[in-house]
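Working through the structure, step by step
Residue-level listing of the chains:
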Amino acid sequence: MARLPITKTPKVYVGGAFIRSESARVFALRDAAGEFFANIPQCTRKDLRNAVEAAAKAGPGWAKRTAYNRGQILYRLAEMIEARASEMAAAIALGGATPAAAAREVAAAVDRLIYYAGWTDKYEQVLGNVNPVAAPYFNFTVTEPMGIIGVIAPDEAPLLALISLFAPAITSGNTVVALASTTQPYPAILLGEMLATSDLPGGVVNLLTGFRAEMIPTFATHMHLRAISAVVNAAERKALALGAAESVKRTILLKAEEKRDWFASGAQSVDAIRDTLEFKTTWHPVGA
Amino acid sequence: MLVRSPQAALQRLFDEVGSVDQIGIDERVVKYGTRSVKKAAKLWGLRTAVTMVDLTTLEGKDTPGKVASLCQKALRPHDDASIPPVAAVCVYSSMVRHARRALGNNSAVRIASVATAFPSGQAPLKTRLAEVKAAVADGADEIDMVINRGAFLAGEFDRVQDEISAVVTACGAATLKVILEVSELETYDSIRAASFLAMRVIRPGDFIKTSTGKTSLNATLGNNQVMLEAIRDFYLDTGVAIAMKPAGGIRTAKQALTFLIAVKETLGDAWLNNARYRFGASSLLNDLLRQLEKEKTGAYQAPYYFSEAAESY
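These figures come from a predicted structure and were not determined experimentally.

**Section: the overall build of chain A**
- Across its full length, chain A holds ten helices and twelve strands.
- Whereas a compact globule of 288 residues would reach a radius of gyration of roughly 19 Å, chain A reaches 20 Å, a difference of no more than 12%.
- Reported as C-alpha extents along the three principal axes, the dimensions of chain A are approximately 85 × 40 × 35 Å.
- Of all 288 residues assigned to chain A, the portion counted as buried reaches 47%.

Below, the structure written as structure tokens:
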């Protein structure tokens, strides 16, 4: 007997829930051959606002987890992707990547998460310090997560680049609101489903899909976002820099015009973790 | 043998004041959330809501210092001087004199005190009245009392009303707010009935108030609507205008605007001021300020740019 086709409604993962855009708008996603694939939520600045609220709620709890536990959870996220690797590869292949290239990207994304999972309880030893001072004090510098980080992912390597941008931020206890690639949003939709089963508390990573032009002004000016980590063109960089100056946020802006190898080992580093940390230096009297 | 039956007493009261169509109310209030309030109307609504806030701290850990900072926040909610002060501060009766010292005698912000063994009301009437008198003597402009829910549910309506009357007398010039504690009345019918019992013995300009904020279920659009309609019907019958205060659970500006829409569409513009409508809240104020600042600057605001309000309620 012929079955009715069961097609999935893509939803974005925000605050631990799968939602449609509050605007109820969608945009059509077509595969490389031009065939209609699905309607993707066209999120708005209000969805961004709601995602920031969700991230704010999740922030303190996530930052308070032990570094070891954060590592376990990042590792668990990698496990969840690994288990559905072929499905994820098919999602990447929608954009025209060969099956082999898509599989390679999924593997690299999993490895990237494992890489940062390993760093959670180690970066403090590298980035923190006991400083020499000429008085009977301990003087030490420790790191703290900044808070809520905005991420804007590029179109190339839609999964690997997205993960490379947000993983270092959550490694240290930040929470993230990320805008996925506009042309290839489907891997981010799938990733949401994996985040949901990864033990990562809801709201730590919030993924939006939609058009950059509608959301970049809000990414730039939102006072609650502490930093923006983005791959953006010249006009977007200007908008983000201006807005960030007004709201005093850090910008880590990679140029979309430049070719970037997301697979390279240089695309992952402890420096990327440092990008979304604040440093706190404390004087403490030496005990008798 | 004839026995006293609370059910029969309640039924007689329902027959007298009319019952509530629960489905109708629930459907009606869902519609309020669909109104689109933007730009100038939104600004007006937000500012009006600020002027309607009873900024509240009702915790065992309240101190004179904490009340003093609450009063400062009430007078000057934000560093933007164009933002008006709130309607009142709402504190425990033992804190009234500290609030009076912080606000001075000619303050734009009134002092409301919960009294009558808030939140349970389970104290002898004499004790409750003494608390009201003490709060008024210490400088309270408004008294928030709780009704005797036990007596209400037992069908002893005369006792409920007599106690409210006694508190009215004890209040003197102070405005009275009668807390029905809707979550303990259980049905819309009971809320309407209790509203009428209270309205018949309080004075024009006195309030009926949803809840103490100390139970699981607080002000909802539904029970707000039931009470607004009771006020409307009572006004149409008697010409006496009773004011309304939802309290507890109203935390966001969006919620507050939706409540104001309910007021506008049920009672009209005459109730859209702080003599006739209040919000019992604490965290609401900062969200209103955030949204006002957002309307002014165009940028979404972070909560930490606003001074801390009391975290209770």
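**Considering the sheet that holds strand β12 (residues 277-285) of chain A**
Residue and element names in this part refer to chain A.
- The antiparallel open sheet is built from three strands, whose spatial order is β5-β6-β12. Taken across any chain shown, the strands that pair with only one partner, and hence form the sheet edges, are β5 (129-131) and β12. Recorded for the sheet is a direction-independent mean angle of 25° between the axes of neighbouring strands.
- As paired elements, strand β6 (residues 137-145) and β12 share nine bridges and run antiparallel to each other.

**Some words on the interface of chain A and chain B**
- Listed as interface residues are seven residues of chain A and, on the opposing side, six residues of chain B.
- Looking at the side of chain A that touches chain B, its residues break down into one nonpolar, five polar and one charged.

**A word on helix α6 (residues 125-138) of chain B**
Residue and element names in this part refer to chain B.
- Helix length check: α6, at 14 residues, gives a terminal C-alpha distance of 20 Å against a target of 20 Å (1.5 Å per residue), a fit within 8%.
- Every buried residue of α6 is accounted for by Arg128, Leu129, Glu131, Val132, Ala135 and Val136. The buried side chains of α6 occupy one side of the element, clustering within an arc of 155° when seen end-on. Across α6 from its buried face, at more than 90 degrees, point the exposed residues Lys126, Thr127 and Ala137.
- Packed against the buried residues of α6 are α5 (96-103), β3 (110-114), β4 (142-146) and α8 (157-171).
- A positive phi of about 115° marks glycine 139, the residue just after α6.

**Some points on helix α10 (residues 221-238) of chain B**
All names here are of chain B.
- With 18 residues, α10 should cover 26 Å at 1.5 Å per step; its first-to-last C-alpha distance of 25 Å lies within 8% of that length.
- Those residues of α10 that fall on the buried side of the exposure criterion are Leu221, Asn223, Asn224, Gln225, Val226, Met227, Leu228, Glu229, Ala230, Ile231 and Phe234.
- Buried positions along α10 lie against α2 (22-32), α9 (188-199), β6 (207-209), β7 (243-245) and α11 (253-266).
- Residue glycine 239 follows α10 closely and has a positive phi angle near 80°.

Thresholds, definitions, all that
- Starting from 1, residues in each chain are numbered consecutively following that chain's sequence as written.
- Whichever chain is written first becomes A and whichever ligand is written first becomes 1, with later ones labelled in order.
- Residue-level local features of this predicted model are given only where pLDDT is at least 70; pairs of side-chain atoms are given and counted only at 80 or more, and the full residue set underlies all totals for whole chains, interfaces and linings.
- Helix numbering and strand numbering both begin at the N terminus, where a helix is a DSSP run of H or I of at least 4 residues and a strand a DSSP run of E of at least 2.
- Based on C-alpha atoms, the radius of gyration is set beside the globule rule, defined as 2.2 Å times the residue count to the power 0.38.
- Three exposure classes are used, based on other C-beta atoms lying within 10 Å of a residue's own C-beta, which is placed from the backbone: buried for 20 or more, exposed for 12 or fewer, and partly exposed in between.
- DSSP calls a pair of strands paired once it identifies at least 2 bridges connecting them.
- For helices, the axis comes from a line fit to the C-alpha atoms of the stretch in contact; other axes are also lines fit to C-alpha atoms, and the angle between any two N-to-C directions lies between 0 and 180 degrees.
- Throughout, a pair of residues is in contact if the C-beta atoms placed from their backbones lie within 7 Å.
- Asp, Glu, Lys and Arg are counted as charged, while Ala, Val, Leu, Ile, Met, Phe, Trp, Tyr, Cys and Pro are counted as nonpolar; the rest, among them Gly, fall into the polar class.
- To estimate how far a helix should extend, the number of its residues minus one is multiplied by 1.5 Å.
- An arc is given here, and it is the one of the directions from the helix axis to the C-beta atoms.

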